[in-house]
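# Remarks on the overall topology
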Amino acid sequence: MSTTETVSPRGRRLAVVTAITGTVFIAAGAFWLSFTALADLARRSGIDAGQAWAWPLIVDGIIVVATVAVVALASQSRPTWYPWTLLAAGAVVSVTANAIHAIIAADTDVPSLLAASVAAIPPLVLLSITHLTVILTRTTSDEGVIEAATDEAIAPSQTVTG
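Residues numbered from 1 in each chain as written. Predicted model: local features only at pLDDT ≥ 70, side-chain atom pairs only at ≥ 80, totals over all residues. Heavy atoms only, no water.

### Details of the pattern of salt bridges
Under the defined criterion, the tally for this structure stands at two salt bridges. Here Asp40 makes a salt bridge to Arg43, at a shortest N to O gap of 3.8 Å. Taken together, the positions of Asp40 and Arg43, both in helix α1 (residues 9-44) and three residues apart, correspond to about one turn of that helix. Of the charged contacts in the structure, one is a salt bridge between Arg44 and Asp40, with a shortest N-O distance of 2.8 Å. With Arg44 and Asp40 both in helix α1, this residue pair falls four residues apart, about one helical turn. Relative accessible area serves as the criterion here: at 48%, Arg44 is assigned to the partly exposed category. If you follow the salt bridges from partner to partner, you end up with Asp40, Arg43 and Arg44 in one network. (Salt bridge = Lys/Arg side-chain N within 4 Å of Asp/Glu carboxyl O. Helix = DSSP H or I, 4+ residues; strand = E, 2+ residues; numbered from the N terminus. Buried < 20%, exposed > 50% of the residue type's maximum accessible area, 1.4 Å probe, protein only.)

Shown next, in the form of structure tokens:
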């Protein structure tokens, strides 16, 4: 399909729903992998085992909250630089902490660089698909606004005087 061909509204909605569904499942997997690694890292760093669960919630929680803010603001004409900055900063902390955990917890027969790379993939993929989903939803939202404006221009609403 060339870029000049139009996609049906149904096809675009299917793509958006698929992207959002994929984002939710990948986010759940990335959060779970990261949560277990970060909780273990917190325990190894001296945080009491009964409290270690809170550290991954804080680190990965900022990613979740910022992601929701980016998606919510994507359909509005409001700046999104701040939630994107929080999302990126949270991802950097998560990637770094996951990589550190992988290096200290990996088997001795696994090279440190390989362990760190494997651990870094889930938060990086989460960041990438979040951006892709926002792009898809923004395009759909913008087209909906254009369609509504076009419909209004073609058939202006009539006022009833009484």
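### Quick word on the nonpolar core
Core analysis: the largest hydrophobic core is formed by nine residues, namely Ala30, Ile63, Ala66, Val70, Ala74, Trp84, Leu87, Leu126 and Val134. Contributions of two or more residues to this core are made by α2 (54-74), α3 (81-105) and α4 (112-154). The dominant element in this core, judged by the number of residues it contributes, is α2, at four residues. Once you skip the residues sitting within four places of it in the chain, Val70 turns out to touch Pro83, Trp84, Leu87 and Val134. (Core = buried A, V, L, I, M, F, W, Y, C linked by side-chain atoms within 4.5 Å. Contact = heavy atoms within 4.5 Å.)

The quantities given are spatial measurements derived from coordinates; they are silent on function.
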